[in-house]
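# Reading the structure
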Amino acid sequence: MALGSTVTLDGNFGSSVSGSTLVDGVFLPASTEWETGTVWWDTNIDPINNRNSITLKLKGQYVISGFIVQADDNDSYRVEYWDANASTWKTAWDVPNYDALGWGMTIRPNPNDNSEIQSISPITTSELRFTAVNGDGYYSVSEIQAFSAVPEPSTWITGVGICVGMLGTLLRRARK
Ligand SMILES: [Ca+2]
Ligand SMILES: [Ca+2]
């Protein structure tokens, strides 16, 4: 859902890459250094921790039920969503510190699988916001992906199985 959305960087960033790289569908190679090809900031550039924020304006209003994020391993981050009814930002996903699980740019939830989605309680929104929560003062992010609920694969595989079974019955009947 976030693919190709409009990205706004609010605050003071050290990086020169475009915010659009966060929603281009491309992950950096695992363990890429935190300031190489990323959107990054640190507490020298932004002395007041957590003041920087990255806003993703989606192409419309969506129901979102999961995320994948690639960010520096040794910090925690937060994905928030704009709740239009309450006119406030609310937490969608607290992105955990993965210091023990990775090095440099590290995919959450699964550093070894860039297609595994972190499920959340579904939210409805047209805007997301990404911020650093805590860490070593050197923060970076390279990809933010949002997903809507999709039917469980097992459901439609079962459906196909039933159809194939029915086809077999019809063919047997036709031969008689
Ligand atoms: Ca990217
Ligand atoms: Ca860091």
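Above this text you will find the structure in question.
Okay, so let's go over this structure. (Residues numbered from 1 in each chain as written. Chains lettered and ligands numbered in written order. Predicted model: local features only at pLDDT ≥ 70, side-chain atom pairs only at ≥ 80, totals over all residues. Heavy atoms only, no water.)

Now for unusual backbone geometry. Where the residue is not glycine, phi is negative for most of them; where a peptide bond is considered, it is trans in most cases. Residue P109 is reached from R108 by a cis peptide bond, and omega for that bond is 10°. For S31, which is not glycine, the phi torsion reads 70° and is therefore positive. Structurally, S31 can be placed in the loop between β1 (6–10) and β2 (39–42). Phi is positive for S87, close to 50°, though the residue is something other than glycine. By the element assignment, S87 lies in the loop between β4 (76–83) and β5 (88–95). (Helix = DSSP H or I, 4+ residues; strand = E, 2+ residues; numbered from the N terminus.)

Once that is clear, we can look at the side chain of S5. By secondary structure assignment, the location of S5 is in the segment before β1. On the basis of relative accessibility, which here comes to 5%, the residue S5 falls in the buried class. Only 2.7 Å separates the side chain of S5 from the backbone oxygen of A2, close enough to count as a polar contact. Apart from residues no more than four positions distant in its own chain, S5 is found in contact with V23, L56, K57 and L58. (Buried < 20%, exposed > 50% of the residue type's maximum accessible area, 1.4 Å probe, protein only. Polar contact = N/O pair within 3.5 Å; in protein donor to acceptor, adjacent residues only side chain to side chain. Contact = heavy atoms within 4.5 Å.)

This part is about the coordination of the calcium ion (ligand 1). Surrounding the calcium ion (ligand 1) are the protein donor atoms T21 (O), D24 (OD), V26 (O), S142 (O) and E143 (OE), which sit 2.3 to 2.5 Å from the metal. Coordination of the calcium ion (ligand 1) draws on donor residues from a single chain, spaced T-x2-D-x1-V-x115-S-E in sequence. Overall, S142 belongs to the buried group, its relative accessible area being 4%. (Donors = N, O, S within 2.8 Å, 3.2 Å for Na, K, Ca; no water.)

Among the nonpolar cores identified, the biggest contains 29 residues, and I54, F67, V69, V79, L128, F130 and V141 are the most heavily contacted of them. Per-element accounting of this core gives the leading share, seven residues, to strand β3 (residues 53–72). Contacts of L128, omitting those with residues within four sequence positions, involve I54, T55, L56, L58, I64, F67, V79, E80, Y81, W89 and A146. (Core = buried A, V, L, I, M, F, W, Y, C linked by side-chain atoms within 4.5 Å.)

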